Structure formats: C-alpha cells, structure tokens
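Residue-level listing of the chains:
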Amino acid sequence: MQLYRLTLATMIQRKVWIIALLCTFLLPGVLPYLTPYESNPALIEPARAQAAWVCLWVVTAAWLFFQAARFGDDASRSGLGAYFLSSGVSGLSQMMQIWLACLTFLLPLVAITLGVCFVGAMPSDAGQAQMWVATNLQYAALFLLVVTPLMMVAVSIGSRFGSTIGYLIPLCMSIYGMYGVGYLAMMTEVQSNLLLDWLYVVSPHYHLADLTPRLVFKQGSMLSSEFLQLVVYFAGIKIVLVMFASLTFQPRAAT
C-alpha cells in the first residue's frame, strides 16, 4: 500500500482538503439564511439539508474527480507507475490504491453532510426524525454508489489521456446523468425516435440517486423494495465502470 500512503500524504500536504471540509461544514449553515426565510422560518432546516447535499455533490465533482484524474496522470507520466510495476505492484493494484486514497477523503465529507442533517436539520417529531435518518442514510448509500466508480474512471482515464480528459469525462457523465437525462426524456416524449429511446434506456440515470426532494418536502424514506432496486441498478453500473477502468488504466506512459 505504498502508493496509497504516498497519494494520501500528497493530498494532505496540498491542504486543499481544508477548503473542501469547510465548504461541506460551513456553507449549509450560511446559505439558507441568504433566502427570504422570514416568511416561513420552518423551511430553514430542510433548506440546510438541501444545501449540505448540494455542497457535497459540488465538492466531489469539482475537487475529488480532479484529484483522482491528476494522480492517475502523475503516476503514469512521472514514472512512478513503472517503478511500482517493477516492484511487483500490478496496474490494477495501483489504480485501486489511488482510488482508495481519494475515497479516504470522500468518506469524511459524507459523514460531515450526515452530521449537518442529523444535528442541524433533524425534525422535532419522533416519527419524522426516524424517517429523516433513514432517508439520509439511503441518500448516502446511493451517493457513494454513484460517485465512487466515477472516481475510478477519473483515475484510469487520467493515466491514459491526461488529467484534463480524465476529469472532464466523469464530470460530464455525472452532469448528464443528473440533468441531461431529464432533457432527453422530454425529447422522447415530444417525438418518437428509436435512437433517442435507446439512448435514454442505456444512459446512467444518476438523478434517481438525488433524494433531495424527499428531504426538502419531508416525503420520508423509500420503500425497501424501491431502494434495493436502485442499489442493484447502480451496482450494475458500477461493475461496468470498474471493468472499463481496469482495462483503461495505464501505469506507464506510452512511448
């Protein structure tokens, strides 16, 4: 796990993680007060939970995806990957160690987000509080199923095509899965097109992992059967992306 420790130490030394922690911890407490909350003070707590999860999505997409792509690129171009190959560390193991280092920073961010929702936005009613906890835990599980394979894709593509491409591809995939699929659905409703219908079916529907409306409108947690269906769906996407990343990762620069 030498590459894991080296990647982790480099991320700590760069100190950008401090900004990420502050964003996920402080912004959810500030942003709700920038809205006209005086008309309905009861909306402060749902707005705080919404801000917490939005900040987590943004920090992950803007920072961790880039870090994953950058470390994949650095390992390939600097000769570090070739050195570890000569030491008996396979390319797959190198990719997993870089990914684990990024995951080490992601998990505390998720924990902070859950803490903000449990401490700063918990409903006072006991029944609602129980549903609130369940909804946030479901949200965290789906969030991790979505972003963790995308970080692995960033590492692998970054090692082969550079940090810029390695960052933009998972970023575009996440934005398309969260918002672009909705526009594609509207296009399929307006006109029947076999190609658009097929594209809609095979697209990653990451928007299904966004449980923010359930938190804002206090709709409660998903049914167990519905939640398990989403877990299986995102796990299937994760398997495909992990296989793609494993085939794409390049531990040494092409000559």
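Please refer to the structure higher up on the page.
Residues numbered from 1 in each chain as written. Predicted model: local features only at pLDDT ≥ 70, side-chain atom pairs only at ≥ 80, totals over all residues. Heavy atoms only, no water.

**Q** Is there a simple way to explain the environment of T248 in this structure?
**A** If you trace the backbone, T248 turns up in helix α10 (residues 224-248). T248 sits 93 residues away from V155 along the chain, and the two C-alpha atoms are 9.4 Å apart. Non-local contacts of T248, meaning those with residues more than four positions away in its chain, are made with S156, I157, S159 and R160. (Helix = DSSP H or I, 4+ residues; strand = E, 2+ residues; numbered from the N terminus. Contact = heavy atoms within 4.5 Å.)

**Q** Mind showing me how you'd approach the packing of helix α3 (residues 44-77) against helix α5 (residues 91-120) here?
**A** Working note: a packed helix pair is described by the angle between its axes plus the distance between those axes. Where α3 contacts α5, the axes come no closer than 10 Å and their chain directions differ by 175°. Here α5 runs roughly antiparallel to α3, going by the angle between their axes. The class makeup of the residues in the contact of α3 with α5 is 19 nonpolar, five polar and two charged. (Axes fitted to C-alpha atoms, helices over the stretch in contact; angles between N-to-C directions. Parallel < 35°, antiparallel > 145°, perpendicular 65-115°, else oblique. Nonpolar A, V, L, I, M, F, W, Y, C, P; charged D, E, K, R; others polar.)

**Q** Please explain a nonpolar patch on the surface as it appears in this structure.
**A** Residues L195, W198, L199, V201 and V202 make up a contiguous nonpolar surface patch of about 520 Å² in total accessible area. Overall, the relative accessible area of 53% leaves W198 in the exposed class. (Patch = residues over 30% accessible without salt bridge, like charges linked within 9 Å, V, L, I, M, F, W, Y side chains within 5 Å. Areas by Shrake-Rupley, 256 points an atom, 1.4 Å probe, with all protein chains shown as cover. Salt bridge = Lys/Arg side-chain N within 4 Å of Asp/Glu carboxyl O. Buried < 20%, exposed > 50% of the residue type's maximum accessible area, 1.4 Å probe, protein only.)

**Q** I keep staring at helix α2 (residues 16-30) and nothing clicks. Help me out?
**A** Along an α-helix, residues three or four apart share an orientation, since each turn contains 3.6 residues. The terminal C-alpha atoms of α2, which comprises 15 residues, lie 21 Å apart, in line with the 21 Å expected from a rise of 1.5 Å per residue. Where α2 bends most, at C23, the angle is about 30°. Burial in α2 covers these residues: A20, T24 and P28. The elements touched by buried residues of α2 are α3 and α5. (Expected span 1.5 Å × (residues − 1). Bend = angle between axes of the 7 residues up to and from the residue.)

**Q** Help me understand the layout of surface pockets, please; the structure alone is not making it clear to me.
**A** Summary: where empty space remains is shown by rolling a probe the size of a single water molecule over the atoms. One number sums up the size of the largest pocket: a volume of about 320 Å³. Looking at the lining of the largest pocket, the elements with two or more residues in it are α3, α6 (126-161), α7 (163-190) and α9 (212-216). A per-element tally of the lining of the largest pocket places α3 first, with eight residues. Residues belonging to the lining of the largest pocket are distributed by class as follows: 14 nonpolar, four polar and one charged. (1 Å grid on protein atoms, 1.4 Å probe; cavity = no way out; pocket = protein on both sides within 12 Å on 5 of 7 lines; lining within 4 Å. Points joined across faces, edges and corners; volume = space filled by probe spheres on them.)

**Q** How should I be thinking about the pattern of salt bridges in this particular structure?
**A** Oppositely charged side chains can form a pair if their charged atoms are brought close together. For the coordinates displayed, the defined rule picks out three salt bridges. A salt bridge links D73 to R77; the shortest N-O distance between them is 2.5 Å. Highlighted residues: D73 and R77, both in helix α3, separated by four residues, approximately one helical turn. According to the relative accessible area criterion, D73 is buried, its value standing at 9%. A salt bridge links R214 to E226, with the nearest nitrogen and oxygen atoms 3.8 Å apart. Residue R214 is located in helix α9, and its partner E226 is located in helix α10; the two are separated by 12 residues in the primary sequence. With a relative accessible area of 34%, E226 lands in the partly exposed category.

**Q** It is not clear to me how helix α1 (residues 2-14) should be interpreted in this structure. Could you clarify?
**A** Helix length check: α1, at 13 residues, gives a terminal C-alpha distance of 18 Å against a target of 18 Å (1.5 Å per residue), a fit within 8%. Taken together, the buried positions of α1 are occupied by L3, Y4, T7, L8 and M11. Summarising the axial view, the buried residues of α1 lie within an arc of 130°, below the 170-degree limit, and thus occupy one face. Exposed residues lying more than 90 degrees from the buried face of α1 are R5 and Q13. Each element contacted by the buried residues of α1 is listed here: α2, α3, α4 (80-86) and α5. Following α1 by one or two positions, K15 adopts a phi angle in the positive range, close to 65°. (Arc of directions from axis to C-beta.)

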